[in-house]
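Structural overview
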Amino acid sequence: MHRFKKLDTVALLIKIPEYALVPGQVGTILDHLEKDVYEVEFADKLGQTLASIAVEAKNLMLLHYETVK
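Reference entry: report on the structure contained in this document. (Residues numbered from 1 in each chain as written. Predicted model: local features only at pLDDT ≥ 70, side-chain atom pairs only at ≥ 80, totals over all residues. Heavy atoms only, no water.)

**A word on the nonpolar core**
Test applied: Grouping buried Ala, Val, Leu, Ile, Met, Phe, Trp, Tyr and Cys residues that are joined through side-chain atoms within 4.5 Å yields what is termed a nonpolar core. Burial classes follow relative accessibility: with a 1.4 Å probe on protein chains only, a residue under 20% of its type's maximum area counts as buried, one over 50% as exposed, and anything between as partly exposed. Starting at the N terminus, helices and strands are each numbered in turn, a helix being any DSSP run of H or I of at least four residues and a strand any DSSP run of E of at least two.
Within the largest apolar cluster, 14 residues are counted, with the highest numbers of intra-cluster contacts made by V40 and L60. Sorting the residues of this core by element identifies β1 (9-12), β3 (37-43) and β4 (49-56) as the ones contributing at least two each.

Written out as structure tokens, the structure reads:
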């Protein structure tokens, strides 16, 4: 089973300077590429894509909009 599902909302835990991404940057899982690697789209608050890149699962945190039981 994969750690994240397609369209999950995640936060970046590390800085990725080549894309000007910082910890806390919000992204959306687009695809599972390989073991523990996901394609994540990071966009600004207007929905413009900042980057769509491969990120290791260990560098992402799943965000929740509701309580988790």
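The discussion continues.
**Comments concerning a nonpolar patch on the surface**
Filter applied, for reference: Each patch is assembled from residues with relative accessible area greater than 30% and no salt bridge, linking like charges that lie within 9 Å and nonpolar side chains (Val, Leu, Ile, Met, Phe, Trp, Tyr) that lie within 5 Å. Accessible surface is estimated by sampling points in the Shrake-Rupley manner with a 1.4 Å probe; for residues, cover comes only from the protein chains shown. A pairing counts as a salt bridge when a side-chain nitrogen of Lys or Arg comes within 4 Å of a carboxyl oxygen of Asp or Glu.
A cluster of nonpolar side chains, L13, I14 and M61, forms an exposed patch at the surface whose accessible area comes to about 240 Å². For L13, the position within the fold is in the loop between β1 and β2 (26-34).

**Re the packing of aromatic side chains**
The relative placement of two aromatic rings is captured by the distance of their centres and the angle of their planes. Defined as follows: Within 6.5 Å between ring centres, the rings of Phe, Tyr and Trp (the latter by its six-membered ring) count as paired, and their orientation is classed by plane angle as stacked under 30 degrees, edge-to-face over 60, tilted in between.
Considering all chains together, one arrives at 1 aromatic pair under this definition. A centroid spacing of 5.3 Å and a plane angle of 80° characterise the contact between F4 and Y38, whose relative ring orientation is edge-to-face. Within this pair, whereas F4 is found in the segment before β1, its partner Y38 is found in strand β3, the two being separated by 34 residues in sequence. No difference in accessibility class separates F4 from Y38, as the two residues are buried.

**What to know about the sheet that holds β2**
Test applied: Pairing between two strands is assigned when DSSP locates at least 2 bridges connecting them. An axis is simply a line fitted to the C-alpha atoms; with a helix, the fit covers only the stretch in contact. Between two such axes, the angle follows the N-to-C directions and lies from 0 to 180 degrees.
Judged by pairing direction, the sheet is antiparallel, and its 5 strands sit side by side in the order β4-β3-β2-β1-β5 without closing on themselves. Because the sheet does not close on itself, it has two edges, and the strands there are β4 and β5 (60-62). Each adjacent strand pair in this sheet contributes to an overall mean axis angle of 40°, direction not counted. Relative to β2, β1 is paired through 3 bridges, and the arrangement is antiparallel. Each residue of the ladder has a partner; that of V10, found in β2, is G27.

**Description of the pattern of salt bridges**
A full pass over the atoms with the stated rule returns 3 salt bridges. Linking D36 and K35 is a salt bridge whose minimum nitrogen-to-oxygen distance equals 3.4 Å. The exposure class of K35 is exposed, given its relative accessible area of 70%. The residue K58 makes a salt bridge to E56 at a minimum N-O spacing of 4.0 Å. Accessibility expressed as a relative area gives 40% for E56, which makes it partly exposed.

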